[in-house]
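Reading the structure
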Amino acid sequence: MKTSHRVLGAALAALTVAALTSCGSGSGAGSGAGDGSVTLKFLVDNSQATVDTAKALADAFMKANPTIKIETETRPGGSEGDNIIKTRLSTGDMSDVFWYNSGSLLQALNPAQTLVDLTGDPVLQNVQKDFLPVVSQDGKVYGVPAGTAMGGGILYNRKVYEQLKLEVPKTWDEFMANNAKIKAAGIAPVIGTYKDTWTSQLFVLGDYYNVQAAVPTFARDYTANKAKFATTPAATAGFQHLADVHAKGYMQEGFGSATNDQGMKLLVEGKGAHYPMLSAQLPPLVATMPQAATDVGFFGIPGTDAAKNGATIWEPAGIYIPKTTENLDAAKKFLAFVASPAGAEAVNAAVPPAGPYRISGAKLPEDAIQAAKDLQVYVDEGRTAPALEFVSPVKGPSLEQITVAVGSGLTPPAEGAAQYDKDVEKQAKQLGLAGW
C-alpha cells in the first residue's frame, strides 16, 4: 500500500468484496428509450459497504424519479482503482457520476479540468460546511458526501468501564490511569494487532485532532516542508503513545501476531478494554456478535488539555460528476438526492452507519451502533478535525512498519517520528510540492 489512506481504506474494503449486479437498465450514458427517460452510469468501488450503499441510493432515487434509470458498475479499490478513474477521466470515458476518495487523493484528479464545479449549486444545500473543504480545490467544490464519516480513535468496552466504574478519559494521563486499573483487574488494557500492520497506525493517525488543536497551521506547514513530526512535540506525541502503552505492558499477550479480526473479538467479548481503531470496523460484526452494537463505544484519543478534548474523523468519500457527462441535469438531481435526509434514510435501511452523516437534517437511526452515536456528539459539538490525509497530500508508505517497531519497543518514539519524516520526502518530491 502506498499511503496510509489506501492502507486503511483497503483494509476496510477487504472485510467483504462482492460484484454488483446492475441497479437499473438502459442502453448507456445519454441513452433513452424514446419515452423521455435518461440512463445514468454510476461507477463505485467494489467493497461490500460501498456496493450496498450505492444500490440503496440508486433504488430509492429511481423509485422517486421513474424517468431516470441508474446503472451501477464497479471497479477495484486501491491503486488499481485509482488508475481506472484517472484513465477514464483522461480519455473522456468516465461514467455520468462516480464515487471516489475525498481529501488529498481527489487533488490528483485535476478536478478543475475534469469535474463539474458545484460551487453555489443547490445540490449542496444540505451538505455540512465542515465537509466541503475535503471535496474542494482552490475554493471550488466538486462533490457531495457518500455514506458516513467514521471515527479514528479508541473503541472501548462499555461493560468493562461500567464494571470498574471508569469514566471516559479526556487527557492521556487519565487514559493511562484507566489502563492501570484495567490491568489490575486482569483484563488487557489495550489491544494490539500487529500481524495486520495497518492497525498499528491509529495512535498516530487518530491523534491529529490534538496536533491541529496545538498547532493550527501544522497541515499547511507540513505540506510546505516547514514542519516535521520529529520537531513538533504535538505530532511526536502519537509515537510516544505507542511507546508508553508498550513500556507499561498494557497490550495483550501475543499482540505481535494477532489479527484485526481477533482484536475486534477480544474487544467485543470484554477480554480487552481499548482498541485504537476505526469505527467502521464495528457494523460488519453486528450480525454475528449483536453486542458489538451496544457494548462498544468510541472516544477520541486524549491529548494534554481536557478543555480541548476532541476526535479525529475520516470524512466520507465523495460522489462527483465528470465534465464529459451528457446528462448533467439528471446527474445533479441524483447528487442532490444523495446529499439529502431522504438519501440518508435510504442508506440507513441497508447499511448500519459507522458514524454521523455530513448532511444537515440526516439523523442516525435509533438502533445505530453506540460508537456512531458517540461520534455524533463530537460532530454536534464541533470537536472534530479531519485526519491529516484529508488536508495534506504528504504521506509516506512506511508508516505502518515504523509504528509496529515503535509499538513493539524496538524503535524509540523520537527516532520513529524522524524515520517517518524521511519516509514522506520521496513522495512529496514525486508530487512536485513546493519547498521539497
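Summarised in this report is the structure supplied together with it. These numbers come from a predicted model, not from an experiment.

1. Section: the overall build of the protein
Helices and strands together make up the secondary structure of the protein, namely 18 helices and 13 strands. Relative to the compact-globule value of 22 Å for 436 residues, the protein shows a C-alpha radius of gyration of 22 Å, a close match. Its C-alpha atoms give the protein principal-axis dimensions of roughly 75 × 50 × 35 Å. Residue burial in the protein is summarised as follows: out of 436 residues, 58% are buried. In the protein, 77% of the contacts between residues at least 6 apart in sequence involve partners at least 24 apart. Carbon and sulfur atoms form 52% of the exposed surface of the protein, whose accessible area is close to 17,500 Å². Positive and negative side-chain charges in the protein, numbering 36 and 42 respectively, have mean positions lying 2 Å apart.

2. A few points about helix α3 (residues 78-91)
Because each turn of an α-helix spans 3.6 residues, side chains separated by three or four positions in sequence point in the same direction. Taking 1.5 Å of rise per residue, 14 residues should cover 20 Å, and α3 covers 20 Å from first to last C-alpha, within 8% of that figure. Gly81, Asp82, Ile85, Arg88 and Leu89 are the residues of α3 that are buried. Seen along its axis, α3 keeps its buried residues to an arc of 140 degrees; they face one direction. Turned more than 90 degrees off the buried face of α3, the exposed positions are Glu80, Ser90 and Thr91. Looking one or two places after α3, you find Gly92, whose phi comes out positive at around 75 degrees.

3. What about the sheet that holds strand β6 (residues 143-146)?
What the five strands build is an open sheet, ordered β2-β1-β3-β12-β6; its pairing is mixed. Edge strands, defined here as strands with exactly one partner in the open sheet, are β2 (68-75) and β6. Mean inter-strand twist for the sheet, computed between neighbouring axes without regard to direction, equals 25 degrees. Across two bridges, strand β1 (residues 38-45) lies against strand β3 (residues 97-100) in parallel orientation. Its bridge partner lying in β3, Leu43 is registered against Phe98.

Definitions and limits used
- Residues numbered from 1 in each chain as written.
- Predicted model: local features only at pLDDT ≥ 70, side-chain atom pairs only at ≥ 80, totals over all residues.
- Heavy atoms only, no water.
- Helix = DSSP H or I, 4+ residues; strand = E, 2+ residues; numbered from the N terminus.
- Rg over C-alpha atoms; globule rule 2.2 N^0.38 Å.
- Buried < 20%, exposed > 50% of the residue type's maximum accessible area, 1.4 Å probe, protein only.
- Contact = heavy atoms within 4.5 Å.
- Areas by Shrake-Rupley, 256 points an atom, 1.4 Å probe, with all protein chains shown as cover.
- Lys, Arg positive; Asp, Glu negative; His and termini not counted.
- Charge placed at Lys NZ, Arg CZ, Asp CG, Glu CD.
- Expected span 1.5 Å × (residues − 1).
- Arc of directions from axis to C-beta.
- Pairing = 2+ DSSP bridges.
- Axes fitted to C-alpha atoms, helices over the stretch in contact; angles between N-to-C directions.

By themselves, these figures tell us nothing about what the structure is for.
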